[in-house]
Amino acid sequence: MSEALLEIRDLTVHFATEDGIVEAVDSVSLTVRHGEILGIVGESGSGKSVTALAVLRLVRPPGRIVQGTIRFDGEELLSLPEDAMRRVRGAKIAMVFQSPRTALNPVITVGRQIARLFEIHQALGGREAWQRTLDILGLVGIPEPERRARQYAHQLSGGMCQRVMIAMALATSPRLLLADEPTTGLDVSIAAQILDLLRDLGRRTGASIVLITHDLGVVAETCDRVAVMHAGQVVEVAETRALFAAPRHPYTRALVRSIPRVDREVVMEPIPGTVPSLLAAPPGCRYAARCPLVQRVCDERPVLVTDEGGHAVACHAVVLETVVARR
Amino acid sequence: MGFGRYLLHRLLLVVPTLVGVTLISFVLVYLLPGNPALVKAGALATPEVVQDIERQMGLHRPVHVQYWRYVTGLLRGDLGESSSTGRPVLEDFRQRVPATLELTLASLVVAALVGIPLGVLSAVHRDTLLDHGSRLLGVGGVAMPSFWTGLLLIYVGFYLLDLAPAPLGRIAADVPPPTRISGLYVVDAVVTGNLSALGSALHHLMLPALTLGFAVMAPLTRMVRATMLEILESDYVKAAWAAGLPRRRVVYGDALRNALIPVITLFGVIFGFLMAGNVVVELVFAWPGLGHYAVTSLVTKDPGPIQSFVVFVAVMYVFVNLVVDLLYGLADPRIRLR
Amino acid sequence: MGWRRLTRNPLSFAALCAIVVIAAAAVLAPWVAPYDPDEPDAERTLSSVSWRHPLGTDEYGRDQLSRLIHAGRIDLLVALSATVLALTVGTSLGMLAGYRGGWVDQILMRVIDAVMAFPAFMLAMAITAALGNATVNVVAAIAITHVPIYTRLIRGEMLKARETEYADAARTVGNRPHQIVLHHLLPNCVPPLIVQATLAMGFAILTVAALSFIGLGIQPPQSEWGQMTAEGAGYVVSGEWWLVLFPGVAIMVTVLAFNLVGDTLRDILDPRMRGMR
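Quick caveat: nothing in here was measured; it's all calculated off a predicted structure.

Draft legend 1. Quick look at the overall build of chain A. Secondary structure summary: chain A contains 11 helices and 12 strands in total. In terms of overall size, chain A behaves like a compact globule, its C-alpha atoms giving a radius of gyration of 21 Å where 327 residues would be expected to give roughly 20 Å. Considered along the principal axes of its C-alpha atoms, chain A spans approximately 70 × 50 × 45 Å. The burial tally for chain A puts 44% of its 327 residues in the buried class. Sequence separation of 24 or more characterises 64% of the internal contacts of chain A that already satisfy a separation of 6 or more.

Draft legend 2. Geometry of the overall build of chain C. Looking only at helices and strands, chain C features 11 helices and 0 strands. When its helices and strands are written in sequence order, chain C yields α-α-α-α-α-α-α-α-α-α-α. The proportion of buried residues among the 277 residues of chain C is 49%.

Draft legend 3. Expanded view of the interface of chain A and chain B. Each partner contributes residues to the interface: chain A has 23 residues there, and chain B has 16 residues. Among the secondary structure elements, those contributing two or more residues to the side of chain A that touches chain B are helix H2 (82-88) and helix H3 (110-122) of chain A. Broken down by element, the side of chain A that touches chain B gets its largest block of residues, 3 residues, from H3 of chain A. Grouping the constituent residues of the side of chain A that touches chain B by class yields 13 nonpolar, 7 polar and 3 charged.

Draft legend 4. Summary view of the interface of chain C and chain B. Contact residues are listed per partner, giving 41 residues for chain C and 42 residues for chain B. Of all the elements in the fold, those that place two or more residues in the side of chain C that touches chain B are helix H5 (102-116), helix H6 (120-131), helix H9 (177-214), helix H10 (225-233) and helix H11 (242-269) of chain C. At 9 residues, the largest contribution of residues to the side of chain C that touches chain B is made by H6 of chain C. Here the side of chain C that touches chain B is built from residues that sort into 30 nonpolar, 8 polar and 3 charged.

Draft legend 5. The arrangement of the sheet that holds strand S10 (residues 233-239) of chain A in detail. Within the open sheet, the 8 strands sit side by side as S6-S7-S8-S3-S9-S10-S12-S11 (chain A). Their pairing is mixed. At either margin of the open sheet sits one strand with a lone partner, and together these are strand S6 (93-96) and strand S11 (305-306) of chain A.

Draft legend 6. Structural view of the arrangement of the chains. The protein chains that touch form 2 pairs of chains, and the pair with the most contacts between them is chains B and C. At the level of C-alpha atoms, the two units chain A and chain C stay apart, their nearest approach being 14 Å.

Draft legend 7. Structural context of H6 of chain C. All names here are of chain C. Given a rise of 1.5 Å per residue, 12 residues ought to cover 16 Å, and the 16 Å separating the end C-alpha atoms of H6 matches this to within 8%. Of all 12 residues in H6, 11 are buried; the element is thus mostly enclosed. Taken as a whole, H6 has its buried residues at Ala120, Phe121, Met122, Leu123, Ala124, Met125, Ala126, Ile127, Thr128, Ala129 and Ala130. Just beyond H6, the residue with positive phi is glycine 132, at close to 110 degrees.

Draft legend 8. Highlighting the packing of helix H2 (residues 10-27) of chain C against H11 of chain C. Residues and elements named next belong to chain C. It is the contact of H2 with H11, at a shortest axis distance of 8 Å, that shows an interaxial angle of 130 degrees. With respect to each other, H2 and H11 are oriented oblique. When you trace H2 past H11, the crossing you get is left-handed. Packed against H2, whose contacting residues are Leu11, Ser12, Ala15, Leu16, Ala18, Ile19 and Ile22, the element H11 presents Val253, Thr254, Ala257, Phe258, Leu260, Val261 and Thr264 at the interface. Along the lines of polarity and charge, the residues of the contact of H2 with H11 split into 11 nonpolar, 3 polar and no charged.

Draft legend 9. A look at the environment of glycine 141 of chain B. All names here are of chain B. If you trace the backbone, glycine 141 turns up in helix H6 (residues 129-143). On a C-alpha basis, the gap between glycine 141 and glycine 193 in space is 37 Å, while along the polypeptide they are 52 residues apart. Not counting the four nearest positions on each side in its chain, glycine 141 is found in contact with Phe214, Met217 and Ala218.

Draft legend 10. How the structure looks around the confidence of the model for chain A. Averaged over chain A, the pLDDT score is 85; the fraction of residues at 70 or greater is 96%. Strand S3 (residues 37-41) of chain A holds the highest mean pLDDT among the elements of chain A, 93, whereas helix H11 (residues 316-326) of chain A holds the lowest, 75.

Draft legend 11. Examining helix H12 (residues 290-299) of chain B more closely. Residue and element names in this part refer to chain B. Among the 10 residues of H12, 8 are classified as buried, and the element is accordingly described as predominantly covered. Buried within H12 we find Leu290, Gly291, His292, Tyr293, Ala294, Val295, Ser297 and Leu298. Just past H12, the residue lysine 301 takes up positive phi, approximately 55 degrees.

Draft legend 12. The arrangement of the sheet that holds strand S5 (residues 75-76) of chain A in detail. Residues and elements named next belong to chain A. Spatial strand order, S2-S1-S4-S5: 4 strands in an open sheet with antiparallel pairing. Looking at the sheet topology across the chains shown, the edges are occupied by strand S2 (20-32) and S5. Of the strand pairs in this sheet, strand S1 (residues 6-17) and S2 are connected by 9 bridges, and their pairing is antiparallel. Bridge pairing in S2 links glutamate 7 to threonine 31.

Draft legend 13. Just the confidence of the model for chain C, in detail. All names here are of chain C. Per-residue confidence for chain C gives a mean pLDDT of 82, with 85% of residues at or over 70. Confidence scores differ between elements of chain C, with helix H8 (residues 165-172) showing the lowest mean pLDDT of 61 and H10 the highest of 90. In the predicted structure, residues 273-277 sits below a pLDDT of 50 and forms 7 contacts with residues beyond four places in sequence or in another chain. Reported confidence for the predicted complex is 0.84 by ipTM and 0.76 by pTM.

Draft legend 14. Expanded view of the nonpolar core. In this structure, Met165, Ala167 and Val210 of chain A together with Met122, Ala126 and Ala204 of chain C are the most contacted members of the largest nonpolar core, which totals 262 residues. Of all the elements, helix H11 (residues 247-284) of chain B adds the most residues to this core, at 19 residues. Two domains each donate at least three residues to this core, and these are domain 1 (18-75) and domain 2 (99-331) of chain B. Beyond its immediate sequence surroundings of up to four residues, alanine 126 of chain C is in contact with Leu28, Ile306 and Val310 of chain B.

Draft legend 15. Fine view of the packing of H6 of chain B against H11 of chain C. Here H6 of chain B crosses H11 of chain C at 120 degrees, and the two axes come no closer than 8 Å. The angle between the axes of H6 of chain B and H11 of chain C places the two elements in the oblique class. Here the hand of the crossing between H6 of chain B and H11 of chain C comes out right-handed. Between H6 of chain B and H11 of chain C, the residues in contact are Val139, Gly140, Val142 and Ala143 of chain B and Met252, Val255, Leu256 and Asn259 of chain C, respectively.

Draft legend 16. Up close: the pairing of S1 of chain A. All names here are of chain A. In this structure, the hairpin formed by S1 and S2 is closed by a connection of 2 residues. For S1 and strand S4 (residues 63-72), the ladder comprises 8 bridges, and the chain directions are antiparallel. Pairing of glutamate 7 across the sheet is with arginine 71, part of S4.

Draft legend 17. View of unusual backbone geometry. At alanine 123 of chain A, a residue that is not glycine, the phi angle is positive and equals roughly 50 degrees. In this structure, alanine 123 of chain A sits in the loop between H3 and helix H4 (126-139). Located in the positive-phi region is aspartate 127 of chain B, a residue other than glycine, with phi close to 65 degrees. Since 10 C-beta atoms lie within 10 Å of it, aspartate 127 of chain B is described here as exposed.

Draft legend 18. Region of interest: the environment of tyrosine 150 of chain C. Residue and element names in this part refer to chain C. Position of tyrosine 150 relative to the elements: it lies in helix H7 (residues 135-163). Looking at tyrosine 150, the number of C-beta atoms within 10 Å reads 25, which means it is buried. Each C-alpha atom of the pair tyrosine 150 and alanine 86 lies 7.5 Å from the other, and the pair is 64 residues apart in sequence. Setting aside residues up to four positions removed in sequence, tyrosine 150 forms contacts with Ala86, Leu87, Gly90, Thr91, Gly94, Leu193 and Gln196.

Quick notes on the rules
Residues numbered from 1 in each chain as written. Chains lettered and ligands numbered in written order. Predicted model: local features only at pLDDT ≥ 70, side-chain atom pairs only at ≥ 80, totals over all residues. Helix = DSSP H or I, 4+ residues; strand = E, 2+ residues; numbered from the N terminus. Rg over C-alpha atoms; globule rule 2.2 N^0.38 Å. Buried ≥ 20, exposed ≤ 12 C-beta atoms within 10 Å, placed from the backbone. Contact = placed C-beta atoms within 7 Å. Nonpolar A, V, L, I, M, F, W, Y, C, P; charged D, E, K, R; others polar. Pairing = 2+ DSSP bridges. Expected span 1.5 Å × (residues − 1). Axes fitted to C-alpha atoms, helices over the stretch in contact; angles between N-to-C directions. Parallel < 35°, antiparallel > 145°, perpendicular 65-115°, else oblique. Left-handed = near helix turned anticlockwise from the far one by under 90°. pLDDT = per-residue confidence, 0-100. Core = buried A, V, L, I, M, F, W, Y, C linked by C-beta atoms within 7 Å. Domains from an automatic or database assignment.

Here it is, written out as structure tokens:
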């Protein structure tokens, strides 16, 4: 098994607010292998975006990385000096944000925004940087790159803006691409194109992609492995097919069950309750309040347990079940 | 073409405002106590002479006719006469505008050179001593009447430190002003190479420009800071961080470029403050400009200058706002390229 | 509700206290002032700060502290009257324009635009000159320049509220138009109005001071802070600083206090406007 490209261990991020400390990310551990597409799925507020920001060390006050390690390509990111980290950002690890139009600077041409990345990260001269910009715009499927590169964000459609963002992210051939809700707000057909683009580029460049989304459909389509997050914690990690075929964690099962399917009688089963407040988070399992399988032992926080197939779950009920089944 | 329509639209909006302006200034002057014919004729004139002058000035005509004559007169450039100087108001204006212009420009320079960087740095180094200090200055500065600031500066600069000249005008009494090209002493002195005039003019410009500049700086700094803060929180700044752009570049490049555009509109507002402050500062420093002229006419109830001055100021204000809107439209690609 | 937050912030608490003290001094002037403000003292003309005259005396020997306190009455009175007047007129016009719409709205807005085309101080100067130097006229002049602010504010709220279901619901229950406006829509406008009025007090004081400084506002023998500064202005070049310093401090502290309270109120009552700090 190849060594992981990105290894996050016990990452915890807190936000200091007027009303107290919000534990946005709690002891999260994740691995991203070379060349794979990992999906991180969860409701809003589950801590997925914050985790991505933490990898790039972009968590700003009032947020704070309280503990954890993030190893990228063998290097510990959290202890790097700031300028070394700056060289990692955009060059080795890149991020694509949701709402592409607001993530582009409105007063600088899109071409310029890409070209300068070449200048900064690869020390290319003006003309060469511009040529590479045009190349990469073509690569992400933007027609007439020479014309588009001279335009501003407001002159491009949402889908095109997202392609530009992806171009920006891939400009310097990063090893890892973090995509935060890249298809939210896009037309279904455009979204599909974007996902195809991401998968294609990933395969071509050998980069790993972390796809953060709340949309299970996106995950099923595109990802090799999936991590499910709930209330700042990772509750299940598995290969996509295995996760959808046999989800183990009660939360995942509820999520999968709530996807409307064409071949079944549609029975909408919303998950009862709401995500617990991360302000006064319960010390035990954070899903306990909504879980049909809750028991006394759930007062204690469950640990991620991985089986031989690589399927990991953090749930007491599941562990007990397996133990019983083995006897 | 999007921008052309925007331009046209803005220009058209100006017309009703200008009409309203002339109406208001006419009404104001109409209400002025006293009989302008009497003032013109002099205290010793007989009633017949006064009546004659009244007919001459058209004061016996109905109100709307007087208004019409007023507006057509304005458009022709006939701004009436000043009863105190005895000269056409247009003449007086021409003589005094450069003085006010020079003071206004100098104050703008002071305000912008100090205020904008202060606002930017305040936003970038939020909640530090610098930030709190500049915010204090801002809040305090807005509360200080400009006549007071000027007088205090005179006390400290002239009386205590002997750094500034006595507040008696634009240039020392024994230094002849430079040959008049633009009317702005500093510009003319530079152009004609007149060093002594340049020195004296700058020396006299110092305190009044500081006073007025300070009065205007406070709101400017506040607004710049607010704009910059908002932009530093925006998505594209976060994306720029994530792309690995060096900090300096993100803040002083990307963010600042966006922040400076709304600052252009600020100048329209600032101009209003400047016009108000001008009057007072010119009085305190015996600066022979329009503001001084206006105050004197108002106090002596001299109708000619007043009605023209009021219109002039309003027109300038409208014009400046128009220019500001146009500049903004040009600077912001979102408007320029609809 | 928001009172506690107002007092929690030390700066705004101090500002609030300052306003109370100043207002109290103004109201109780005859009892608080150590001397009769108009009483000359031929032996102690132009004397600097001393125990006997903490703020010095002017060229007639009048005690500056007493004059300052009495002058405060005029300043506060004028500012308060002007603000209340502007508030009332402006709100009524705004309600009219906002709720009626149509050509009433159009005409009113053109008038407001024309008024706003003049820098406020210029307009106040011109109006005061036109109407005469009486105190009432100063109040009117300042009020006129402030009316547009309230009119636009109320009109804006009215326009917004008209669209919401709130008004529709009230109408379906059978309320008549002016009832809807008064009982349902107006309460929403109260918070921003309070904020504006507080901030307007500061502007009003600065305006009356500047007008009097120029010679257009409050006339002697009534004393006013700006006018006192004007009287002392000539003496600055010869070093008599106290005549100019203290009235100015009085103006600054009062305006600052109102501004601080107004800013804090804005943060409490209308978080949407918070970005403008």
